[in-house]
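Here's the letter readout for the chains.
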Amino acid sequence: MTSAPAVEPFDAVDVIACKRDGGRLSRDRIDWVVDAYTRGVVAEEQMSALAMAIYLRGMEPQEIADWTRAMIDSGERMDFSALDRPTADKHSTGGVGDKITLPLAPLVAVFGVSVPQLSGRGLGHTGGTLDKLESIPGWRAELSNDQIMEMLGERGPGAVICAAGAGLAPADRRLYALRDTTATVSCIPLIASSIMSKKIAEGTGALVLDVKVGSGAFMKELDQARELARTMVGLGVQAGVVTRALLTDMSVPLGLTVGNALEVRESLEVLAGGGPDDVVELTVALGQEMLAAAGRPTGRDELRAALGDGRAMDVWRAMVSRQGGDPDAALPRAAHTEVLTAPSDGVLTGLDALAVGVAAWRLGAGRARKEDAVQAGAGIELHAKPGEAVRAGAPLATLHTDTPERFERALQVLREGVVVSPALSQEAEAAQALRGRGVIIERIADEPA
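- The chain carries the name Thymidine phosphorylase in an unreviewed UniProt entry, which gives Actinomyces bowdenii as its organism.
- Its UniProt record gives the chain the following Sequence similarities (unreviewed entry) comment, quoted word for word: "Belongs to the thymidine/pyrimidine-nucleoside phosphorylase family."

**A look at the layout of surface pockets**
Here is step 1: Counted as a void, the largest pocket has a volume near 1400 Å³.
Here is step 2: Looking at the largest pocket, it is lined by 47 residues, and the ones nearest its centre are Ser119, Gly120, Arg121, Tyr176 and Lys198.
Here is step 3: At the level of elements, β1 (88–92), β2 (115–119), α6 (129–133), α8 (170–180) and α9 (188–202) are the ones that each hand at least two residues to the lining of the largest pocket.
Here is step 4: Sort the elements by how many residues they give to the lining of the largest pocket and α9 lands first, with six residues.
Here is step 5: A per-class count over the lining of the largest pocket returns 15 nonpolar, 18 polar and 14 charged.
Here is step 6: In this structure, the second largest pocket encloses a volume near 650 Å³.
Here is step 7: When residues of the lining of the second largest pocket are traced back to their parent elements, those giving at least two are α12 (277–293), β8 (346–351) and α17 (426–434).
Here is step 8: Each residue belonging to the lining of the second largest pocket can be placed in one class, and the counts come to eleven nonpolar, five polar and eight charged.
Here is step 9: When residues of the lining of the second largest pocket are sorted by domain, at least three fall in each of domain 2 (88–329 + 439–445) and domain 3 (336–436).

**A word on the pairing of strand β5 (residues 242–249)**
Here is step 1: Extensive coverage of β5 is indicated by the burial of seven of its eight residues.
Here is step 2: Where strand β4 (residues 206–213) and β5 come together, eight bridges link them in parallel fashion. Following the sheet pairing, aspartate 210 is matched in β5 by leucine 246.
Here is step 3: Pairing between β5 and strand β13 (residues 440–444): four bridges, direction antiparallel. Looking across to β13, one finds that alanine 245 is bridged to isoleucine 444.

Rules behind the numbers
- Residues numbered from 1 in each chain as written.
- Predicted model: local features only at pLDDT ≥ 70, side-chain atom pairs only at ≥ 80, totals over all residues.
- Heavy atoms only, no water.
- UniProt positions renumbered as here; feature names shortened; annotations may be inferred.
- 1 Å grid on protein atoms, 1.4 Å probe; cavity = no way out; pocket = protein on both sides within 12 Å on 5 of 7 lines; lining within 4 Å.
- Points joined across faces, edges and corners; volume = space filled by probe spheres on them.
- Helix = DSSP H or I, 4+ residues; strand = E, 2+ residues; numbered from the N terminus.
- Nonpolar A, V, L, I, M, F, W, Y, C, P; charged D, E, K, R; others polar.
- Domains from an automatic or database assignment.
- Buried < 20%, exposed > 50% of the residue type's maximum accessible area, 1.4 Å probe, protein only.
- Pairing = 2+ DSSP bridges.

Right, here's the structure in full:
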């Protein structure tokens, strides 16, 4: 004799209608709808409607906290309490040329803090950390929980960059894919709960958020970025995680390279004590925040010294080797290059991060769908940044790809993002004045006001 199907305590249509009409979702309703969606009881079209209702109506802070906790409870949690060192992690909301994780994780590990950096792949114009690292011959992203613990323990390098396991916040994994196809990505409650559910489930003791703001970021305006940062910091603190955030500039690309192997090459320059000033500045600033949050405050001079004397590079080499990679192997290079030159004498006053990111994507460095492959060597090298004087015909950027038929569309969007102004113009003076501004805009921490 078969038993009757269980009666669900709520109805998806009622939950959708509540939020559609501007109501507040109770904790019980949130717990049920997230669990029911994970079980397949709530259909994709129903969760699509609820996501759009949340996008349009928003959520109160308690709703966001309840939604985040329900996402966490949909799967497993990692536990690093057995480690003999504190843990700290960093999350970036995504940008163009953002390779900071690569030098940052080994740098922080130098100072006795383990870094469990569970990362993802890129989609659209923003690059993915795993895509970059997979350009290293032999390197593998997938590790078991036991392997992660070995990497972080006394006998490991103290840092790991790898893919998050499928067991962490599986409800968010499904909802994230849905949001991408329903125009509900840029919703602060859903962004905050998505990021923080995975990071809290990851089990780190301290978390530093790099919230990008500008044309190449999801948050285009400072007020938006500030609201997102404060929301995420609040969620972390509620969950018992020491959490702080930096708002950082993404109006122009970070560093001088955009693309997978190209960004690894630039990261190695930073780990060898060189590299572009903005990449070094942000690496050191985030490292300082992570160490302080983990109870190991360290000065910027000490962090810079660890980049210059080889200690951070030693951790990098051990980390790459333990994940099957060859730290001495030559990185892939694209088969074809094309150079974009300056149209006239003057000052480079515009280098739009979004345009550069889309151009790199069109060259093959990114993907339009999760299942798409990426070219390891594709991308863009920049030869000038805003505020620099340029001469007509001088190279502004070198484009790399294995498929030269991609050049035309990439150059089209890149040209639209480049502005060269006469050297005596107000635009040129403004660009030169901003040249040394730095990448960090604002700090948001969990300390009481």
